[in-house]
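Single-letter residue listing:
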Number of protein chains: 2
Amino acid sequence: MSNPVTFVNVIDVEPAVIQDVIDVLEEGTQQVMSKRPGFVSATVLASADKSRVINIARWESSAHVKATQSDPAAADYARRTAALGTVAPGLYTVVGEYSV
Amino acid sequence: MSNPVTFVNVIDVEPAVIQDVIDVLEEGTQQVMSKRPGFVSATVLASADKSRVINIARWESSAHVKATQSDPAAADYARRTAALGTVAPGLYTVVGEYSV
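Quick caveat: nothing in here was measured; it's all calculated off a predicted structure.

Chemist: Is there a simple way to think about the sheet that holds strand S1 (residues 5-12) of chain B in this case?
Modeler: Where strands meet in a sheet, backbone hydrogen bonds hold them as pairs that are either parallel or antiparallel. The eight strands are arranged S1(A)-S3(A)-S2(A)-S4(B)-S1(B)-S3(B)-S2(B)-S4(A) in a closed barrel whose pairing can be described as antiparallel. Each strand axis lies, on average, 30° off the axis of its neighbour in the sheet, ignoring direction. With seven bridges joining them, strand S2 (residues 39-47) of chain A and strand S4 (residues 86-99) of chain B adopt antiparallel strand pairing. By the bridge assignment for S4(B), Leu45(A) is matched with Val94(B). Sheet contacts for helix H1 (residues 18-31) of chain A: strand S1 (5-12), S2 and strand S3 (52-59) of chain A together with S4 of chain B; angle to S3(A), the most-contacted strand, approximately 15°. This element, helix H1 (residues 18-31) of chain B, spans strand S4 (86-99) of chain A together with S1, strand S2 (39-47) and strand S3 (52-59) of chain B of the sheet and lies at about 15° to S3(B).

Chemist: What should I look at first to understand the pattern of salt bridges in this one?
Modeler: Think of it this way: side chains of opposite charge can pair up when their charged atoms draw near. Residues and elements named next belong to chain B. If you walk through the whole model with that rule in mind, you get ten salt bridges over all chains. Salt-bridge contacts for Asp 71 lead to Arg 36; the nearest nitrogen and oxygen are separated by 3.0 Å. One end of the pair, Asp 71, is in the loop between helix H2 (62-69) and helix H3 (72-82); the other, Arg 36, is in the loop between H1 and S2, and 35 residues separate them in sequence. One salt bridge connects Glu 97 with Arg 58, and the closest N-O pair in it is separated by 3.0 Å.

Chemist: I tried to follow the packing of H1(A) against helix H3 (residues 72-82) of chain A on my own but got confused; where do I start?
Modeler: When two helices pack together, their arrangement is given by the angle between the helix axes and the distance between those axes. Residue and element names in this part refer to chain A. Orientation of H1 relative to H3, taken along the N-to-C sense of each, is 170°, at an axis distance of 10 Å. By the criterion of interaxial angle, the relationship of H1 to H3 is roughly antiparallel. Across from Val 24, Leu 25, Glu 27, Gly 28 and Gln 31 in H1, the residues of H3 making contact are Tyr 77, Arg 80 and Thr 81. When the residues that make up the contact of H1 with H3 are grouped by side-chain class, the tally is three nonpolar, three polar and two charged.

Chemist: When you look at the environment of Ala73(B) in this model, what are you seeing that I'm missing?
Modeler: For Ala73(B), the position within the fold is in helix H3. Taking the relative accessible area as the measure of exposure, Ala73(B) reaches 35% and is therefore partly exposed.

Chemist: Is there a simple way to explain the interface of chain B and chain A in this structure?
Modeler: With 33 residues of chain B at the contact, the number on the chain A side is 33 residues. Carbon and sulfur atoms make up 65% of the area that chain B and chain A hide from each other, which totals about 2,700 Å². For the pair chain B and chain A, the interface holds zero salt bridges. Elements represented by at least two residues in the side of chain B that touches chain A include exactly S1, H1, S2, S3 and S4 of chain B.

Chemist: Which parts of the structure should I look at to understand the relation of the copies chain B and chain A?
Modeler: Each of the two chain copies goes to the other by way of a rotation about an axis and a shift along it. The transform that puts chain B on chain A rotates by 180° and translates by 0.0 Å along the axis, for an RMSD of 0.0 Å. A rotation of that kind, with that shift, is consistent with a two-fold axis. Closest to the rotation axis within chain B is the C-alpha of Val10(B), separated from it by 4.5 Å. The overlap is high: 100% of the interface residues of chain B also sit at the interface in chain A, so the same surface is used on both sides.

Analysis parameters
- Residues numbered from 1 in each chain as written.
- Chains lettered and ligands numbered in written order.
- Predicted model: local features only at pLDDT ≥ 70, side-chain atom pairs only at ≥ 80, totals over all residues.
- Heavy atoms only, no water.
- Pairing = 2+ DSSP bridges.
- Helix = DSSP H or I, 4+ residues; strand = E, 2+ residues; numbered from the N terminus.
- Axes fitted to C-alpha atoms, helices over the stretch in contact; angles between N-to-C directions.
- Contact = heavy atoms within 4.5 Å.
- Salt bridge = Lys/Arg side-chain N within 4 Å of Asp/Glu carboxyl O.
- Parallel < 35°, antiparallel > 145°, perpendicular 65-115°, else oblique.
- Nonpolar A, V, L, I, M, F, W, Y, C, P; charged D, E, K, R; others polar.
- Buried < 20%, exposed > 50% of the residue type's maximum accessible area, 1.4 Å probe, protein only.
- Buried area = accessible area lost by both parts, 1.4 Å probe.
- Least-squares fit on C-alpha atoms with pLDDT ≥ 70 in both.

Okay, here's the thing in structure tokens:
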């Protein structure tokens, strides 16, 4: 049974460090997250006013996310991100999907 | 020249009304947004703790978003959404995209 989940981290930042946050997310995704079992895809969004970054990562299941969060390498990237701004991580499910 | 943008609305809600927010977003997207010029796709996410909904909509350009925001039918859905929670709408750009 497949129960895909989406891990979202809404990160409020000072505009001066937004690129640092983007860089940490890129490195963490490429070096650690994308190599973990259950990783599907990730998208990183930066607000036009440079005050917020949103990391949206799809995983095969919440168990895969939980296992990743207890991986020391992943936890290190989470700590580095949290040190740069105010983070609001959480698990989400897709409740609507629309395209033309 | 194509300059795609992503409109994101982070909506904090009381768990009791999360389904109402999801329903308004679904109706607005199907009836209005998806028929507007420049609409590409939308994804609606609901947090596992039922406290937050995130509407992520891709558009061909910020001009298309601006034009949509001045459409009375679209503005009405924005008002209905805002009446149900605390909204934080904004324009974003994709700064990272990763998949396995």
